[in-house]
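Fold and geometry: a report
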Amino acid sequence: MSTIQQILDEASKELSGLTNAEGIEAFRIRFLGKKGKIGELMARIPSLAPAERRQFGADVNKLKSELEIQLAEKKLAISEAPRNPGPVLDMTLPAIAPHAGRLHPLRQTIDEIMAIFSRMGFESVEGPEIETEFHNFTALNIPLQHASRDAFDTFYTTQGRLLRSQTSTVQIRIMQKRKPPLRMIAPGRVYRPDTVDASHSFMFHQIEGLMVDDKVSFSDLKGILHHTLRELFGKDVKVRFRPHFFPFTEPSVEVDLLWGKNRWLEILGAGMVHPKVFEAVGYDPAEVQGFAFGMGVERLAMLRYGIPDIRYFYENDRRFLRQF
Ligand code: PHE
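First things first, this report covers the structure right here in the doc. (Residues numbered from 1 in each chain as written. Predicted model: local features only at pLDDT ≥ 70, side-chain atom pairs only at ≥ 80, totals over all residues. Heavy atoms only, no water.)

Re the packing of helix α5 (residues 105-119) against helix α8 (residues 218-233)
Their axes nearest at 10 Å, the elements α5 and α8 cross at an angle of 135 degrees. Taken together, the axes of α5 and α8 are oblique relative to one another. The hand of the α5/α8 crossing is right-handed. Judged by residue contacts, Glu 112, Ile 113, Ile 116, Phe 117 and Arg 119 of α5 engage Ile 224, His 227, Thr 228, Glu 231 and Leu 232 from α8. A class-by-class count of the residues in the contact of α5 with α8 yields 5 nonpolar, 2 polar and 3 charged. (Axes fitted to C-alpha atoms, helices over the stretch in contact; angles between N-to-C directions. Helix = DSSP H or I, 4+ residues; strand = E, 2+ residues; numbered from the N terminus. Parallel < 35°, antiparallel > 145°, perpendicular 65-115°, else oblique. Left-handed = near helix turned anticlockwise from the far one by under 90°. Contact = heavy atoms within 4.5 Å. Nonpolar A, V, L, I, M, F, W, Y, C, P; charged D, E, K, R; others polar.)

A closer look at the side chain of Gln 171
Relative to the elements of secondary structure, Gln 171 occurs in helix α7 (residues 168-177). Not counting the four nearest positions on each side in its chain, Gln 171 is found in contact with Met 184, Glu 208, Leu 210 and Ala 292.

Description of helix α2 (residues 21-32)
The end-to-end C-alpha separation of α2 is 16 Å, in line with the 16 Å expected for 12 residues at 1.5 Å each. All of the buried residues along α2 are Gly 23, Ile 24, Phe 27, Phe 31 and Leu 32. Within α2, the buried residues cover an arc of 120 degrees as seen down the axis, which keeps them to one side. What points out from α2, more than 90 degrees from its buried face, is the exposed set Ala 21 and Glu 22. (Expected span 1.5 Å × (residues − 1). Buried < 20%, exposed > 50% of the residue type's maximum accessible area, 1.4 Å probe, protein only. Arc of directions from axis to C-beta.)

Thoughts on the nonpolar core
Core analysis: the biggest nonpolar cluster contains 40 residues, and Phe 117, Phe 291 and Phe 293 have the highest contact counts within it. At the level of secondary structure, the elements contributing two or more residues to this core comprise α5, β5 (203-213), α8, β7 (249-259), β8 (263-273), β9 (289-296), α10 (297-305) and α11 (318-321). Residues in contact with Phe 291, not counting those within four places in the same chain, are Phe 122, Gly 209, Leu 210, Met 211, Val 216, Ser 217, Asp 220, Leu 221, Ile 224, Gly 271, Met 272 and Val 273. (Core = buried A, V, L, I, M, F, W, Y, C linked by side-chain atoms within 4.5 Å.)

Comments concerning the environment of Met 175
Locating Met 175 in the fold gives a position in helix α7. As for Met 175 and Val 281, which are separated by 106 residues in sequence, their C-alpha atoms are 6.2 Å apart. Discounting chain neighbours no more than four positions away, the residues touching Met 175 are Leu 182, Leu 210, Val 212, Val 277, Phe 278, Val 281 and Tyr 283.

Re a nonpolar patch on the surface
Together, Phe 155, Val 196 and Phe 202 make up an exposed nonpolar region whose accessible area comes to about 260 Å². Position of Val 196 among the secondary structure elements: in the loop between β4 (182-191) and β5. (Patch = residues over 30% accessible without salt bridge, like charges linked within 9 Å, V, L, I, M, F, W, Y side chains within 5 Å. Areas by Shrake-Rupley, 256 points an atom, 1.4 Å probe, with all protein chains shown as cover. Salt bridge = Lys/Arg side-chain N within 4 Å of Asp/Glu carboxyl O.)

Some remarks on unusual backbone geometry
That bond from Pro 180 to Pro 181 is cis: its omega, 5 degrees, falls within 30 degrees of zero. One can find Pro 181 in the loop between α7 and β4. Residue Glu 250 is joined to Pro 251 through a cis peptide bond whose omega torsion reads -5 degrees. By secondary structure assignment, the location of Pro 251 is in strand β7.

Right, here's the structure in full:
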């Protein structure tokens, strides 16, 4: 009995040190071969007392199958080990933290402006980015040969359609569909043949505004814009209304914000809706008045957050985006 245990211990120890096929084969011959240790034990059986033979035989057989199993397992381990170490899973490594998303700074700015106008009774609407020439130009009193088409002529698709160059198109669409009184704002993307630099992009965002009623004055426009800019930039914001020209408003202004000590930055165009525009949508200019404005969302966001370059908005760089 003790010989059997000794052989098992010896075999296990030897087996654990084996690393290649030659060692395995030598082991097999030494223990399980015809003249191996197991064979020697078997050969002893006839010389034992008859009463011991049965037990001894059974023990040797058990040893034999135990060694066969261990040998087979070792063979498998050696053949698999170098070729396929398997995936290394280290349970002690820290987990990868999920990145929480957030709203883009432009979306946040648009949402805030929409909220301000919503409190003043303006409904938010949207229009298509691919527009007809009628909505982008003709109805806005910009005839085919008009010089001011130049700055607005953008990317034409098929059938005389183009990417809108201003959200003023939505004024036309809403007035065609509804009767006054109207108070609406329309946020969205616009496209221009502009060369990209720190303050220009071929695509940017505007928020259009339109109010039409039987009596709407320029001072209503001034008051509403002033109020909006105070909500966005604080009570002390310095605003400048500067005479300007737009074909679809008369009179027209551009509005600037004081930035730093003495720099004015243009942030929106506005004016009283031109009678020709009312005619184009079937309103009677003798019966209604209105104002309209279009503000640049990027410029407002840049002023608000102190962003020096418009291109940061479009690069999807998380180092930039996660600051808002
Ligand atoms: N559509 C003009 C622009 O894009 C802005 C504007 C809108 C001016 C409405 C007057 C009235 O520059």
